[in-house]
Amino acid sequence: MKRYQACVEKFCEVMGPWEQAASSRGDRVQAFMIWAKDCGKSHSWMAGHLSAIGHHAKLLRQEDPTALFTTRAALKGSARVVPKSPEQRAPIDYETLQGMLEALPSVAQSAYEASLFASTFSLAFFGAFRIGELVARSKTETNPRALQMRDVRLTADSVEILLQFSKTDQAGRGRGISVHRLGNDRYCPVALLAAFLASRPHADGLLLIHLDGSPVTKFQTLQTEDKKMVSTKNLVDVGLGISLLLLATLIARIILYSTVTARAQLTQEKLAQLESNLSLAMKYIGCKERTSGTDCGQLFYWACPTDWLPYNGKCYFFSKNKLSWDKSRLHCLTSQADLLIINDRMEQLFISNTTKPDFLWIGLTDRDKEGVWKWVNGLRLQSEAFWDCKQPDNFGNVEDCATLGSIRPPCRGTSSLWNDDYCDNVYKFICEKEAEDRKMDFTP
């Protein structure tokens, strides 16, 4: 009530005593709103004062001067004209990242902390991650959605990451991301992560942890960032996780392509190809920004035929027609491919996210010996398998070929788990072959 009283007193201070010209009080309310707008008052400020004025009138058993249609419409319109605050964040570019990493030894508490945050920021930049996707939100978070050790695979040429949760994936379907090596670049995310892992305590759980095993939090990361920005005199929003300049270049590439293709829609395979080359494009642009381009080397991407999708150096064909397992494989072989071989969890996740719930033949069978499952390349199934619950069951003693999909609702949260089936049944299928390396072309 005190707040309402203060609002009414403000109205009387600006527009005169309450009792003055009661018949035109509605016009005075609108004049009060105009005054408030000229003074830069917010929509919520105006709404609060109008609510107090209406309440005061009702207490005095008077007509509500704020109930006029024009007054309510003006209040509603004020919510649409609130000026946007100027953007205070500047994008990270390669030069800024370089300055940040060089400043780390002077602001980090130890060599381990410097390595920890160097790998964090390099990975966020080149992998287009938000900081919140890599680190925990707080020390006390019981079920952090940050990056886990089990979801990271480091190879000589890349870091393969399974991102379980993100801002645009709250359901946790996950997606696979590859961050590639930058040659001999000292700020290479692969090299920095390898250096960090060499000193990281041997423990499961979160990837990014302090030496005592406690998690790195978003607050700590941004606080470290602030210290580095004071040192390098750059304004950066690390929460973006990626240079807007680099991202804009890729978006412009997509727009140019769609513009010059006779107004045709961007094809699914072309869009997937562009998205899969994002990290390569970022490497190339970063090199061009700091050199004349002559030392950037040859930039290649994975090229696939029309109607095939690229992923991690391979091409995938998802059929629309249905065939038996043998005829499906024959169809793949005529395209210099073979039925799909799933090598790891990331490839399984890519396939699961790309397909709709359905039965699809894959290149796995136990025809030679019951219970001994082999891929079409002759290798025995030894890596992680993704069978649905109680599968394979060899129902009717005739199920010798594997599919993605299950008759009943899946027990593990996805419709793309494996099931053994009768090889003569007709289903859609997935072919797979090596992608062709082609030089990156940035012209439409």
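Model, not experiment: these values are computed from the prediction. (Residues numbered from 1 in each chain as written. Predicted model: local features only at pLDDT ≥ 70, side-chain atom pairs only at ≥ 80, totals over all residues. Heavy atoms only, no water.)

Colleague: How would you sum up the nonpolar core? Please name residues and give values.
Modeller: One finds L364 and W418 to be the most contacted residues of the largest nonpolar core, which totals 42 residues. Contributions of two or more residues to this core are made by β5 (308-311), β6 (314-318), α13 (325-333), α14 (345-354), β8 (360-365), β10 (399-404) and β12 (428-434). (Core = buried A, V, L, I, M, F, W, Y, C linked by side-chain atoms within 4.5 Å. Buried < 20%, exposed > 50% of the residue type's maximum accessible area, 1.4 Å probe, protein only. Helix = DSSP H or I, 4+ residues; strand = E, 2+ residues; numbered from the N terminus.)

Colleague: Describe the environment of T306, naming the residues involved and giving the relevant values.
Modeller: Checked against the element boundaries, T306 lands in the loop between β4 (300-303) and β5. Classification of T306 as exposed rests on a relative accessible area of 58%. For the pair T306 and F317, spaced 11 residues apart in sequence, the C-alpha to C-alpha distance is 9.4 Å.

Colleague: I'd like to hear about the packing of aromatic side chains, residue by residue, with values.
Modeller: Under the counting rule described, the total for this entry stands at 16 aromatic pairs. With 5.1 Å between their ring centres and 55 degrees between their planes, W361 and Y427 make a pair best called tilted. With W361 in strand β8 and Y427 in the loop between β11 (418-422) and β12, the pair connects residues that are 66 residues apart, well separated along the chain. Like Y427, W361 is buried. Judged by centre distance (5.7 Å) and plane angle (90 degrees), the rings of W375 and W418 are edge-to-face. Of this pair, W375 sits in strand β9 (residues 374-375) while W418 sits in strand β11; the two residues are 43 residues apart in sequence, bridging distant segments of the chain. In terms of burial, W375 and W418 fall into one category: buried. Members of the aromatic cluster, joined through ring pairs, are F11, W18, F32, W35 and W45. (Phe/Tyr/Trp six-rings, centres within 6.5 Å; stacked < 30°, edge-to-face > 60°.)

Colleague: Please set out the side chain of D344 residue by residue, giving values where relevant.
Modeller: Note that D344 resides in the loop between β7 (338-339) and α14. A polar contact of 2.8 Å, which involves the side chain of D344, links it to the side chain of R153. Setting aside chain neighbours within four positions, we find D344 in contact with R153 and F386. (Polar contact = N/O pair within 3.5 Å; in protein donor to acceptor, adjacent residues only side chain to side chain. Contact = heavy atoms within 4.5 Å.)

Colleague: Break down the pairing of β12 for me, with residues and values.
Modeller: β12 sits mainly inside the fold: 5 of its 7 residues count as buried. Here 5 bridges tie β6 to β12, and the two strands are oriented antiparallel to one another. In the sheet register, F318 faces β12, and the bridge partner there is I430. Pairing geometry for β7 and β12, over 2 bridges, is antiparallel. What sits directly across from D338, in β12, is E432. Of the strand pairs in this sheet, β8 and β12 are connected by 2 bridges, and their pairing is parallel. Across the sheet, L360 pairs through a bridge with K428, a residue of β12. (Pairing = 2+ DSSP bridges.)

Colleague: Describe in detail the sheet that holds strand β2 (residues 158-163), supporting the description with residues and values.
Modeller: Spatial strand order, β1-β2-β3: 3 strands in an open sheet with antiparallel pairing. Edge positions in the sheet fall to β1 (152-154) and β3 (175-180), since each has one partner strand and no second. On average, adjacent strands in this sheet sit at an angle of 15 degrees to one another, irrespective of strand direction. Pairing between β2 and β3: 6 bridges, direction antiparallel. Residue pairing in the sheet places S158 in a bridge with H180 of β3. Contacts from helix α8 (residues 189-199) reach β1, β2 and β3 within the one sheet, and its direction differs from that of β1 by about 105 degrees. (Axes fitted to C-alpha atoms, helices over the stretch in contact; angles between N-to-C directions.)

Colleague: So what's going on with the packing of helix α6 (residues 111-127) against α8? Residues and values would help.
Modeller: Taken N-terminus to C-terminus, the directions of α6 and α8 make an angle of 145 degrees; their axes are 8 Å apart at the nearest point. Judged by the twist between their axes, the crossing of α6 over α8 is left-handed. Here Y112, S115, L116, A118, S119, S122, L123 and F126 of α6 come into contact with α8, specifically with P189, L192, L193, A195, F196 and S199. (Left-handed = near helix turned anticlockwise from the far one by under 90°.)

Colleague: I'd love a proper account of the environment of S199, names of residues and values included.
Modeller: Tracing the chain through its elements places S199 in helix α8. Classification of S199 by relative accessible area gives partly exposed; the value is 34%. Sequence separation between S199 and L211 is 12 residues, and the spatial gap between their C-alpha atoms is 8.6 Å. For S199, the residues in contact, after removing those within four places along its chain, are Y112 and L211.

Colleague: Pulling in residues and values, what's your account of α8?
Modeller: Here α8 has its buried residues at P189, V190, L192, L193 and F196. Down the axis of α8, the smallest arc covering the buried residues is 165 degrees, so these residues share one side. (Arc of directions from axis to C-beta.)

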